Amino acid sequence: MAETAATDALSHGVDSRRGFLTILTGAASAVAAGSIVWPLINALNPDARSEASTRMIVDVADIAENTAKTVQWAGLPIYIRKLTAKQIADAQAVMTSTLPDPAEFTARVPAGYQNYVVVVGLNTGTPCALEGNAPADPRGDYDGWLCPCDGSQYDPLGRVRSGPAKKNLAIPRFKFINAAQIQFG
Amino acid sequence: MRRFFAPLLAMGLATAGAAQAEDTLSPLHFQSQGVFGSIDKAAAQRGLLVYQTVCASCHSANALHYRDLEALGLTPDQAASIAQGVKLADGSTATLDSPFKDPAMPASAFGGALPPDLSSIVAQRKHGTRYVYELLTGYTTAPDGVTMLPGHFYNAAFPGGQIAMPPPLRDNAVTYADGTAASANQEAADVAEFLTWAADPNLSTRHQIGLRAVIFFVFLSIVAIASKRKIWRESRE
Amino acid sequence: MTTELKHSWAGERMPGLGCLCACLFAPVYKPGSKYLDTVPALIAIMLAFLTLSGLVLAVYYDPWHAFASVQFIGRDVHNGWLVHAYHATGTTALFGLVYLYLFRAMLTRGYRAPGELAWGLGVKLLAVLLLVGWLGFVLTGGAAAYWSLFKASNGALALSGAPGAIGNWFFGGAAGGNTLARLEVFHAVLALGALVVMWLLFSARGAVAPKAEPGKGVAFFPYYLSQYLVALAVFALIFSVLAFFAPHFGQPRVNALPGDPLTVPVAVALPWYLLPLVGVAGALPGIWGGILGVVGALAVLAALPWLDRSGRGGAKGGLYCCLTWVLALDVVGLGVSCSPLLTALFTLWYFFHFLVLTPVVTAMEAK
């Protein structure tokens, strides 16, 4: 407003006689205007409640082996599964070149917590929720997940093994903040 | 249930712990009062312990989230573990809700006296911080000639003198991690500081920025006046 | 560089822009203007500032959970407490400036011809801003706000016929979320209306501003710009003290409690700038008494140019000047008085001042 008009006008050919004092006044006014307006702009950044849901923390210690927990994050269903030792060994033994969408074991599980798999629970073929979280659910031939809509099958690491889907299940951004909790975002 | 994690919190405070608290009781003064006041975080942490151990069994603080407690110097882990201790599914994002699942219950159980929500109680009462302290330490025997209502207690600070809340604090109701003696008065002062923070979490920042803004605008006014005089003087030449 | 700009590139393509350049750079202003003449510009800047902070608040405000959303803004939104303080202190500052502007115009008798329209627009600005301020106060959802809205909306419901229909239309029924939702929109629209009134006021003031003698005038830039900057800096200093050290200045403490249909506050509590008008409204009984009081107080203020019988350019009498100061004390008294008797007396003096004293004293002193 008044101060920004001052700084604009002053920068367009100020008489050099005016000198230091006017430039100082203009600069100080610009600083004042900026620091008054900045909080208004910053207030429109995501508020603490949105940030908390974006950086959601989930407990994973209570997940039983061979079971998956479902949580909602960023509008997506997320499956967090704890693998059995046999599933880990089998997954590591698979030749990745035979997979429809090759991915190494280490690329699918978090470092240091390799018995956990965190994937977005949506089929990458026809968009559809997946079955296979509970041990009793139909899981297809690979003991992972099965899509009831188009029959795509995934292994316990969420890699696609057969069916119309061509890509592995997506992995959301997350990290383990301690042995019992993961944080998204 | 809430007493379960009070030792947990005490352990957490031990890692964040500082030296013994300074004596704020004689004379009574609060760091948060006054034009340049700021929240005494150590006192507020101790007050949080008292709040969770004693007050939270009846009162709610709905506007506070567990994640907000990080502003007192707790790590996100510690805040999350406090929330976990109360067994809330939402974790740190949950609010400090009433312990009563049925909203009508506390009023019916306490004869119509609903324990008020404490999120902004310090803002809602005149001289709120001092009022909370004086209320918590103001329980005395009723003077002659005063007939107490059934289920009420005499409190010198409460308007009307008769309060339905029983005296909540006693010596050593909690054990402070930083070694401060937990007399009833100390607990009252700490909980008053905690509730001052709860009502106005930005108090310290506000005063800090305010001081800088005032100094800056004094400087700007002086410079602007000098500049204006110079311009007008030159126009007369 | 100055008046030639009018015919320059911009002026050729957009005549309004040419006029703006002429306003800024042509040496047409009389030197020696007082600092108090910068007040209308400060009012305009405050209105713009309130609009900006109001927009940010509106992003997060929820009329169906008013009190909770205000708490949310103060606690969870980044710098939300500061935006809220901007808006609340901005309101106090704005009304302080408007009252100062009107009082100074009364003291200097600036409402006399050709300033009647400027004066009328000033009073209209006050009226619109009082309504906008009341609506904004009601939106906070506190105990005092809820009960003030309750009184107004249920009072409107109780009226019959056309006034009742208008009242119903305005409030949308009894006090509640539906009411607050529409009052939020009215608050914003009327605030923009105040900006329009402000613009008209500036145009009308052009008629009252002292004209410079040819050759002796100064341009706005940089002479008056430097003076406005000083006024703005000092104003910002006062604003900072209020916003950071007394963010609840002039607000009733009971408004920190949430609005609750089952808990009635002991006394009517409103922000300071509404208190004098509420005093006048309370002097006459009933709803119609209140409406009559408010309308009458503002109408009598607007009619001042015609009640003043001293004629254009007449002498400024000392007695009337003293009486204007007495009126100021009377208005303050209307705001703070707790006793109904005192309020009635102050209201009586207010109308007596305008309807009786003004014509008589000014006519007397004009001779």
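Residues numbered from 1 in each chain as written. Chains lettered and ligands numbered in written order. Predicted model: local features only at pLDDT ≥ 70, side-chain atom pairs only at ≥ 80, totals over all residues.

S.K.: How should I be thinking about the pairing of strand β9 (residues 181–184) of chain A in this particular structure?
M.R.: Two faces make up the sheet, and in a regular strand the side chains alternate between them. All names here are of chain A. Where strand β1 (residues 57–59) and β9 come together, three bridges link them in antiparallel fashion. Considered in β9, the bridge of V58 is made with I182. The pairing of strand β8 (residues 174–178) with β9 spans four bridges and is classified as antiparallel. Bridged to K175 within β9 is Q183. Between β8 and the antiparallel strand that follows it, β9, lie two residues. (Pairing = 2+ DSSP bridges. Helix = DSSP H or I, 4+ residues; strand = E, 2+ residues; numbered from the N terminus.)

S.K.: What should I look at first to understand the nonpolar core in this one?
M.R.: Proteins that are soluble and globular tend to have nonpolar side chains buried together. I43, M46, L94, L97, V98 and L125 of chain C are the most contacted members of the largest nonpolar core, which has 100 residues in total. Top contributing element to this core by residue count: helix α6 (residues 80–107) of chain C, with 15 residues. Formed by 46 residues, the second largest nonpolar core is a distinct cluster that contains L49, V132, L195 and A199 of chain B. (Core = buried A, V, L, I, M, F, W, Y, C linked by C-beta atoms within 7 Å. Buried ≥ 20, exposed ≤ 12 C-beta atoms within 10 Å, placed from the backbone.)

S.K.: Explain the sheet that holds strand β3 (residues 76–82) of chain A to me, please; I cannot follow it from the model alone.
M.R.: Strand pairing in a sheet relies on backbone hydrogen bonds, with the paired strands running either antiparallel or parallel. Residues and elements named next belong to chain A. Ordered in space as β2-β3-β4, the three strands form an open sheet in which the pairing is antiparallel. For this open sheet the edge positions go to β2 (68–73) and β4 (116–120), each flanked by a neighbour on one side alone. Shown here is a sheet whose adjacent strand axes are inclined to one another by a mean of 20 degrees, direction ignored. Pairing analysis gives six bridges linking β2 to β3, with the strands arranged antiparallel. Note that in β3 the partner of W73 across the bridge is L76. (Axes fitted to C-alpha atoms, helices over the stretch in contact; angles between N-to-C directions.)

S.K.: Can you help me understand the packing of helix α15 (residues 318–336) of chain C against helix α16 (residues 340–366) of chain C in this one?
M.R.: A packed helix pair is summarised by two numbers, namely the angle formed by the two axes and the spacing between the axes. Residue and element names in this part refer to chain C. Axis separation between α15 and α16 bottoms out at 10 Å; the angle between their running directions is 165 degrees. The angle between α15 and α16 places the two elements in the roughly antiparallel class. For α15 against α16, the interelement crossing comes out left-handed. In this structure, α15 contributes L319, Y320, L323, L327, D330, G333 and L334 to the contact, and α16 contributes T343, F346, T347, W349, Y350, H353, L357, V361, T362 and E365. For the contact of α15 with α16, the class distribution of residues is 10 nonpolar, five polar and two charged. (Parallel < 35°, antiparallel > 145°, perpendicular 65-115°, else oblique. Left-handed = near helix turned anticlockwise from the far one by under 90°. Contact = placed C-beta atoms within 7 Å. Nonpolar A, V, L, I, M, F, W, Y, C, P; charged D, E, K, R; others polar.)

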